[in-house]
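Descriptive structure summary
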Amino acid sequence: MLISLIVPCYNEEEALPLFYAEAARVAGEMAKSHGADFEFIFVDDGSTDGTLAAAKALRARDDRVRYLSFSRNFGKEAAIFAGLQAAKGDYAALLDADLQDPPALLPQMLDALLSGEYDCAATRRTTRKGEPPVRSFFARMFYRLIHRMSDTEIVDGARDFRLMSRRVVDAVLSLGEYNRFSKGIFGWVGFRTKWFSYENIERAAGKTKWSFWKLFRYSIEGIVGFSTAPLAVAALLGLLFCVLALVMIVFIILRTLIFGDPTSGWPSLVCIILLCSGVQLFCVGVLGEYLAKTYLEVKRRPLYLLRESSEDEAEKP
Ligand code: UDP
Ligand code: MG
């Protein structure tokens with residue numbers, strides 16, 4: 001039984017050795033308790049620090065370590081995809097490099113899969129301790145919103161940390177979309193998932209790679225990728241405004257016929273024009289967001305480009 005641990009790394013030179021030490025400890029325990037073999041796949045997502053060198057150093061010490069290095073920063077989603085593609089294991093786990101996803105949970109997760117009852121073991125955090133309150137607030141809002149808009153189940157507080165059987169890995173890989181939103185993809189593929197909860201753990205070293213703006217863009221990705229509700233809202237708003245306009249027309253015609261004075265109401269006219277054009281632009285914007293995603297999809301660009309990987313060595317004579 002081979003388990004692939006996939007670790008997306010972006011500027012994690014400080015955290016990588018810490019992660020490896022902990023993961024190797026757990027791997028050793030699991031070799032004894034479950035007879036499991038491991039491979040560690042570090043996906044260097046175009047880091048500008050010594051992350052790649054750190055991964056190479058680990059490989060020199062331990063040949064279970066493999067690495068992939070991107071030609072530039074393609075984002076965590078691309079790194080996850082690349083890692084899953086490279087994984088050879090019967091099971092694959094996704095973990096962050098900063099030890100916010102405790103490898104110590106892996107034995108329990110594997111037990112759940114081995115019981116045959118589950119195909120996937122996923123984790124969620126019950127608290128957001130140590131996170132800026134503003135970020136937590138917007139995260140909550142996002143989950144509430146997407147819960148209403150999307151049929152795909154997207155769990156609040158879900159981490160990307162999960163252990164999957166080969167079947168689930170292949171299912172996730174079969175979704176070749178360019179705009180990837182893992183939380184949605186895992187919900188979409190389904191399978192029986194066992195959830196594990198734990199309290200938020202703060203980063204072991206280094207700092208977070210997600211700015212507020214990056215997270216905001218990511219949340220739009222999630223909404224556009226897994227719901228077409230905003231498009232329906234645009235249509236609904238249009239209909240609502242048509243009805244409103246009709247009522248107004250009848251009202252104004254009647255008022256003019258009864259009281260005369262057709263030229264009053266200039267300020268209200270300006271307000272109406274402003275409101276209507278605002279709503280129109282907003283709807284065009286929503287439409288544009290979907291069009292942009294479609295445009296990016298049809299270009300069929302690769303999700304990532306490799307600059308080098310541990311697999312290169314095998315090809316050398
Ligand atoms: N990450 C990545 N590419 C990116 C941003 C992040 O591969 O463009 C990795 C990062 O190295 C880490 C994981 O994704 O292993 C989660 O990132 P981080 O800990 O910064 O996010 P947070 O836990 O603060 O949400
Ligand atoms: Mg983190």
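What comes next is a walk through the structure. (Residues numbered from 1 in each chain as written. Chains lettered and ligands numbered in written order. Predicted model: local features only at pLDDT ≥ 70, side-chain atom pairs only at ≥ 80, totals over all residues. Heavy atoms only, no water.)

1. Some words on the overall build of the protein chain
Counting its secondary structure elements, the protein chain contains eleven helices and eight strands. Computed over its C-alpha atoms, the radius of gyration of the protein chain comes to 25 Å, more than 25% above the 20 Å expected for a compact globule of 317 residues. Seen along its three principal axes, the alpha-carbon backbone of the protein chain occupies a region of about 90 × 40 × 35 Å. For the protein chain, the proportion of contacts with a sequence separation of at least 24, taken over those separated by at least 6, is 83%. (Helix = DSSP H or I, 4+ residues; strand = E, 2+ residues; numbered from the N terminus. Rg over C-alpha atoms; globule rule 2.2 N^0.38 Å. Contact = heavy atoms within 4.5 Å.)

2. Let's talk about the nonpolar core
Counting 38 residues, the largest nonpolar core has I3, L5, F40, F42, L106 and L163 as the members making the most contacts within it. The leading source of residues in this core is helix α1 (residues 15–34), at eight residues. Not counting residues up to four positions away in its chain, the partners in contact with L163 are I3, Y91, A92, A93, L106, M109, L110, L113, D119, C120 and A121. (Core = buried A, V, L, I, M, F, W, Y, C linked by side-chain atoms within 4.5 Å. Buried < 20%, exposed > 50% of the residue type's maximum accessible area, 1.4 Å probe, protein only.)

3. Side note on the layout of surface pockets
Taken as a whole, the second largest pocket spans an internal volume of roughly 380 Å³. For the second largest pocket, the lining is made up of 18 residues, of which M248, I252, S268, L269 and I272 are closest to its centre. Looking at the lining of the second largest pocket, the elements that each hand over two or more residues are α9 (229–259) and α10 (266–298). With eight residues, α9 is the single largest residue contributor to the lining of the second largest pocket. Here the lining of the second largest pocket is built from residues that sort into twelve nonpolar, four polar and two charged. (1 Å grid on protein atoms, 1.4 Å probe; cavity = no way out; pocket = protein on both sides within 12 Å on 5 of 7 lines; lining within 4 Å. Points joined across faces, edges and corners; volume = space filled by probe spheres on them. Nonpolar A, V, L, I, M, F, W, Y, C, P; charged D, E, K, R; others polar.)

4. Examining the coordination of the magnesium ion (ligand 2)
Listed as protein donors to the magnesium ion (ligand 2) are D98 (OD) and Q100 (OE1); their distances from the metal cover 1.8 to 1.9 Å. Neither D98 nor Q100 differs from the other in exposure class; each is buried. (Donors = N, O, S within 2.8 Å, 3.2 Å for Na, K, Ca; no water.)

5. Some words on the site of ligand 1
If you check the shell around ligand 1, you find 17 residues, and the closest are E12, D45, D98, Q100 and T208. In this structure, a nitrogen atom belonging to ligand 1 sits 3.5 Å away from a main-chain N or O atom of K76. One of the side-chain N or O atoms of Q100 is found 2.5 Å from an oxygen atom in ligand 1. Its free accessible area being 540 Å², ligand 1 has 91% of it covered by the protein chains. Residue classes in the shell around ligand 1 are distributed as five nonpolar, four polar and eight charged. (Near = heavy atom within 4 Å. Polar contact = N/O pair within 3.5 Å; in protein donor to acceptor, adjacent residues only side chain to side chain. Areas by Shrake-Rupley, 256 points an atom, 1.4 Å probe, with all protein chains shown as cover.)

6. Remarks on a nonpolar patch on the surface
Taken together, the side chains of V134, F137, F138, M141, F212, W213 and F216 define a hydrophobic patch exposed on the protein surface, amounting to about 740 Å² of accessible area. Elements represented by at least two residues in the nonpolar patch include exactly α5 (133–149) and α8 (212–226). The element best represented in the nonpolar patch is α5, accounting for four residues. Note that W213 resides in helix α8. By relative accessible area, W213 is classed as exposed at 57%. (Patch = residues over 30% accessible without salt bridge, like charges linked within 9 Å, V, L, I, M, F, W, Y side chains within 5 Å. Salt bridge = Lys/Arg side-chain N within 4 Å of Asp/Glu carboxyl O.)

7. As for the environment of V172
Summarising the element assignment, V172 is placed in helix α6 (residues 166–174). Expressed as a C-alpha distance, the spacing of V172 and G190, which sit 18 residues apart in the sequence, is 9.9 Å. Apart from the residues within four sequence positions on either side, V172 is in contact with L84, R180, I185, F186 and V189.

8. Let's talk about empty space enclosed by the protein
For the coordinates displayed, the defined rule picks out one cavity of 30 Å³ or more. As a volume, the largest cavity reaches approximately 60 Å³. Around the largest cavity, the lining residues are E77, I80, F81, L84, V172, R180, S182, I185 and F186. At the level of secondary structure, the elements contributing two or more residues to the lining of the largest cavity comprise α3 (76–86) and α7 (182–189). Top contributing element to the lining of the largest cavity by residue count: α3, with four residues.

9. Some points on the pattern of salt bridges
All told, the structure shown has 18 salt bridges when counted by the stated rule. A salt bridge links R167 to D119; the shortest N-O distance between them is 3.8 Å. Residue R167 is located in helix α6, and its partner D119 is located in the loop between α4 (106–114) and β5 (120–125); the two are separated by 48 residues in the primary sequence. Classification of D119 as buried rests on a relative accessible area of 8%. For K183, the salt bridge is made with D160, and the minimal N-O distance between the two is 3.8 Å. Here the residue K183 occupies a position in helix α7, and D160 occupies one in strand β6 (residues 158–165), the gap between them amounting to 23 residues. For K183, a relative accessible area of 17% gives the class buried. Three or more residues joined by partner-sharing salt bridges are found here, namely K76, D96, D101, R159, D160 and K183.

10. Comments concerning helix α2 (residues 51–61)
Looking at α2, one finds that the buried residues are T51, L52, A54, A55 and L58. Around the axis of α2, the buried residues are gathered within 160 degrees of arc, so they sit on the same side. Exposed residues lying more than 90 degrees from the buried face of α2 are A53 and A60. In this fold, the buried residues of α2 make contact with β1 (2–9), α1, β2 (37–44), β3 (65–70) and β8 (306–309). (Arc of directions from axis to C-beta.)

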